[in-house]
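Here is how the chains run, residue by residue.
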Amino acid sequence: MKIITRDDILKKYKPLIIAGPCAVEVREQLRTIAKALNEMGVKILRCQLFKPRTDPDSFQGIGLKGLPWIREVKKEFSMLVAMEITDKDQIKPTKGIVDILWVGARNMQNYELLKAIGQDERPVILKRGLIATVDEWVKAGKYIGLDRVIFCERGIRSGADSMRFTLDLNGALVAKFDHQMPVIIDPSHTAGRSDLVPYLAYAGMAAGMDGIVVEVHNQPEKALSDASQQITPEVFKKVLNEVNTLYKLRRQKEAPSAIPAFSVQEAHLKKKHPLKTLLFLAVKNRVGILKDILTVFADFDINLSKLESHPGDSKNWDYYFEVEVECEATEPRLIQALKILKELCQQIKIIGEN
Ligand code: PEP
Ligand code: MN
């Protein structure tokens, strides 16, 4: 099986939508849910065979005997499969079937497991531990290899007792902005109840997250685990429509958080502040350098209004680009983009705003 990399996934599936039951229970349940999700265009299925549960007397997952069923649905519906690994011995048997490995919240600091997963090549969803700081979360990702990790904010423990956990969008944004990591959110485990799931999903999308992972079950009330938070395929279809709309709106606007509700404020800000920033980027001449630079701007949704290349007159660099971008010099997305561009450029200067 050809390995699909983390970056291939992030490029192809925008926003990144992962859905499926809390746990694989029986063959027909998995197929029914996969079929419904496939019909609405979902291409990544969550397929958990091992369930780390608080109560040892509760359903623990069906284990590796479910792998052939996963293989069947994957083939029938051409879907990618994401599966939680709770022990290093599960890594090898999933090769050729599971496309995306997954570390659950409880194992975020199981460093031997992270190291073992680090030996594999597949992309990994790394959930945030129940009380983990963003720093601990990102460092856990380093055990695997940050270029393979998709971070998943699934709610943390806080003083608030109205929900199962508290969705920490602050922390998710810090992981994105300060660490340049892709972050998805799991509204299901945060909420613990199905009626809140859609709204938390929307909040995540409006805040600029890369996607969502949602628990969907054909008969939530009969689910063997997390029955109270799973939503039906019918409800998920509506959530998906809204999520896609929010994502499109976000792409149309410049700022990741700019959905229409904020547009009045945004227009006000635009009047008062300069809109464009002129940059000077000095680079070594090599094949693909311009493409790499443009990709960074595109990744941060930064539009270019001018791009000129000039041969350099210094010994240290061969070319310089004058780039005018349609955002202010102080905008976090430009600051983040420049952090990455620093790796590609000999020199970067902000010439001014206009
Ligand atoms: C899950 O997503 O299946 C799960 C168990 O969630 P968490 O690890 O976030 O508790
Ligand atoms: Mn669950």
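Okay, so let's go over this structure. Note that the structure is predicted; figures quoted are calculated from it, not measured.

## Re the layout of surface pockets
Size it by volume and the largest pocket reaches roughly 1100 Å³. Along the walls of the largest pocket sit 36 residues, with Leu10, Gln180, Asp210, Asp299 and Phe300 positioned nearest its centre. Looking at which element gives the most residues to the lining of the largest pocket, the answer is helix H12 (residues 332-344), with 6 residues. Taken together, the residues that form the lining of the largest pocket break down as 17 nonpolar, 4 polar and 15 charged.

## Regarding helix H8 (residues 197-206)
With 8 of its 10 residues buried, H8 lies for the most part within the structure. Where H8 is buried, its residues meet helix H6 (169-177), strand E7 (183-185), helix H7 (187-191), strand E8 (211-215) and helix H9 (233-252). Positioned one or two residues after H8, Gly208 has a phi angle of 100 degrees, which is positive.

## So, the site of ligand 1
Surrounding ligand 1, one finds Arg46, Gln48, Lys51, Glu84, Trp102, Gly104, Ala105, Arg106, Lys127, Arg154 and His189. Between Lys51 and ligand 1, the recorded distance is 2.8 Å, taken from a side-chain N or O atom to an oxygen atom. A distance of 2.7 Å is found between an oxygen atom of ligand 1 and a side-chain nitrogen or oxygen belonging to Arg106. Of the residues in the shell around ligand 1, the class split is 2 nonpolar, 3 polar and 6 charged.

## Looking at the coordination of the manganese ion (ligand 2)
The protein atoms donating to the manganese ion (ligand 2) are Cys22 (SG), His189 (NE2), Glu215 (OE) and Asp226 (OD), with metal-donor distances spanning 2.0 to 2.4 Å. The motif formed by the donor residues of the manganese ion (ligand 2), counted along the single chain, is C-x166-H-x25-E-x10-D. Separated by 11 residues along the polypeptide, Glu215 in strand E8 and Asp226 in the loop between E8 and H9 bring together distant segments of the chain. The same class applies to Glu215 and to Asp226, which are both buried.

## Examining the state of the cysteines
Inspection of every chain in the model, using the stated rule, returns 0 disulfides. Cys152 carries a free sulfur, and the closest cysteine sulfur to it, the one in Cys22, is 13 Å from it. You can see Cys327 has no disulfide; the closest cysteine sulfur is in Cys345, sitting 15 Å from it.

## So, the sheet that holds strand E3 (residues 80-84)
Strands sit in the order E1-E2-E3-E4-E5-E6-E7-E8 around a closed barrel of 8 strands; the barrel is parallel. Across the sheet, the axes of successive neighbouring strands diverge by a mean angle of 25 degrees, strand direction being ignored. The sheet contact formed by strand E2 (residues 44-46) and E3 spans 3 bridges and is parallel. Across the sheet, Ile44 pairs through a bridge with Leu80, a residue of E3.

## Structural notes on the side chain of His189
Secondary-structure assignment places His189 in helix H7. What makes His189 buried here is its relative accessible area of 9%. There is a polar contact of 3.1 Å between the side chain of His189 and the side chain of Asp226. A polar atom in the side chain of His189 sits 3.3 Å from the side chain of Gln229. With residues up to four places along the chain from it excluded, the contact list for His189 reads Arg46, Lys127, Arg154, Arg164, Phe165, Glu215, Asp226 and Gln229.

Definitions and limits used
Residues numbered from 1 in each chain as written. Chains lettered and ligands numbered in written order. Predicted model: local features only at pLDDT ≥ 70, side-chain atom pairs only at ≥ 80, totals over all residues. Heavy atoms only, no water. 1 Å grid on protein atoms, 1.4 Å probe; cavity = no way out; pocket = protein on both sides within 12 Å on 5 of 7 lines; lining within 4 Å. Points joined across faces, edges and corners; volume = space filled by probe spheres on them. Helix = DSSP H or I, 4+ residues; strand = E, 2+ residues; numbered from the N terminus. Nonpolar A, V, L, I, M, F, W, Y, C, P; charged D, E, K, R; others polar. Buried < 20%, exposed > 50% of the residue type's maximum accessible area, 1.4 Å probe, protein only. Contact = heavy atoms within 4.5 Å. Near = heavy atom within 4 Å. Polar contact = N/O pair within 3.5 Å; in protein donor to acceptor, adjacent residues only side chain to side chain. Donors = N, O, S within 2.8 Å, 3.2 Å for Na, K, Ca; no water. Disulfide = S-S within 2.5 Å. Pairing = 2+ DSSP bridges. Axes fitted to C-alpha atoms, helices over the stretch in contact; angles between N-to-C directions.

The quantities given are spatial measurements derived from coordinates; they are silent on function.
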